[in-house]
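Remarks on the overall topology
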Amino acid sequence: MKLKIPKIPKVEMFGIDIIKNMLFFTLFVVIFLFLLGVIVAPSIKKFKETKKEYFSTKMKYDDSETSLANKSYEYQKLYKENKRIIFALKREFDKNNFKIFSDKYMKVVSIKDKNISIYNKEFIKKTYIITAKLNTPVNFYKFVDSSKNYKNIIKIYFPIVFKAKNGEINLLYKLEHFKVK
């Protein structure tokens with residue numbers, strides 16, 4: 001027995017078979033949707049994953065950039081602070097300049113070199129004995145506080161001897177000057 005295939009009626013308009021065109025159009029839509037599902041859907045999934053990875057990376061990049069900006073600011077601040085110290089470590093000790101600096105607080109009578117030694121293998125430490133006259137011990141303590149702003153790196157060291165004589169105070173102390181080797 002032979003199967004009978006039903007015959008599709010022929011409907012034509014202006015010489016175009018409408019039924020056949022509808023079948024081809026339906027076949028085109030089915031193939032298009034199939035290809036859309038096979039080709040485009042995985043690409044959309046991959047796009048979403050890539051987008052998520054992009055925003056994650058962008059967030060890390062922004063955090064790194066902010067961190068770098070903060071560290072750069074701290075570095076610049078530290079550089080400005082240490083610039084004075086580095087230049088101070090390179091300078092020679094000038095006795096006349098020190099006398100001018102300390103005249104605000106006391107009258108320096110003499111500055112005597114005591115010794116020169118190496119400190120921590122990187123610095124030269126020169127020790128001086130300073131003899132001065134001052135009106136009140138408060139001036140000496142103001143001098144010690146202001147010595148932080150002196151153009152050289154100095155350390156006022158013991159023994160510090162105060163002796164009252166004729167309404168003035170005679171002062172004897174050790175001063176250490178540090179310089180880069």
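The model shown is predicted, which means the values in this text are computed figures rather than measured ones.

Considering every residue of the protein, the mean pLDDT works out to 88; 99% of them sit at 70 or more. Here strand 1 (residues 12-13) is the element of the protein with the lowest mean pLDDT, 73, and strand 4 (residues 123-134) is the one with the highest, 92.

With that settled, the discussion passes to the pattern of salt bridges. A full pass over the atoms with the stated rule returns six salt bridges. Note that Glu 92 is salt-bridged to Lys 179, the shortest N-O span being 2.2 Å. In this pair, Glu 92 is assigned in the loop between helix 1 (18-90) and helix 2 (95-102) and Lys 179 in strand 6 (residues 168-180), connecting sequence segments 87 residues apart. A salt bridge links Asp 113 to Lys 95, with the nearest nitrogen and oxygen atoms 3.1 Å apart.

On to the nonpolar core, then. Inside soluble globular proteins, nonpolar side chains tend to come together where they are buried. Within the largest apolar cluster, 20 residues are counted, with the highest numbers of intra-cluster contacts made by Phe 98, Met 106, Ile 130, Phe 140, Phe 143, Tyr 173 and Leu 175. Setting aside chain neighbours within four positions, we find Ile 130 in contact with Phe 98, Val 108, Ser 110, Ile 111, Leu 171, Leu 172, Tyr 173 and Leu 175.

Our next topic: the pairing of strand 6. With twelve bridges joining them, strand 4 and strand 6 adopt antiparallel strand pairing. Within strand 6, the residue paired with Leu 134 across the bridge is Ile 169. Of the pairings in the sheet, the one linking strand 5 (residues 153-165) to strand 6 comprises ten bridges and is antiparallel in character. Bridge pairing in strand 6 links Lys 165 to Glu 168. In sequence, strand 5 turns back onto strand 6 through a hairpin of two residues, with Asn 166 there showing a positive phi of about 55 degrees.

Thresholds applied
- Residues numbered from 1 in each chain as written.
- Predicted model: local features only at pLDDT ≥ 70, side-chain atom pairs only at ≥ 80, totals over all residues.
- Heavy atoms only, no water.
- pLDDT = per-residue confidence, 0-100.
- Helix = DSSP H or I, 4+ residues; strand = E, 2+ residues; numbered from the N terminus.
- Salt bridge = Lys/Arg side-chain N within 4 Å of Asp/Glu carboxyl O.
- Core = buried A, V, L, I, M, F, W, Y, C linked by side-chain atoms within 4.5 Å.
- Buried < 20%, exposed > 50% of the residue type's maximum accessible area, 1.4 Å probe, protein only.
- Contact = heavy atoms within 4.5 Å.
- Pairing = 2+ DSSP bridges.

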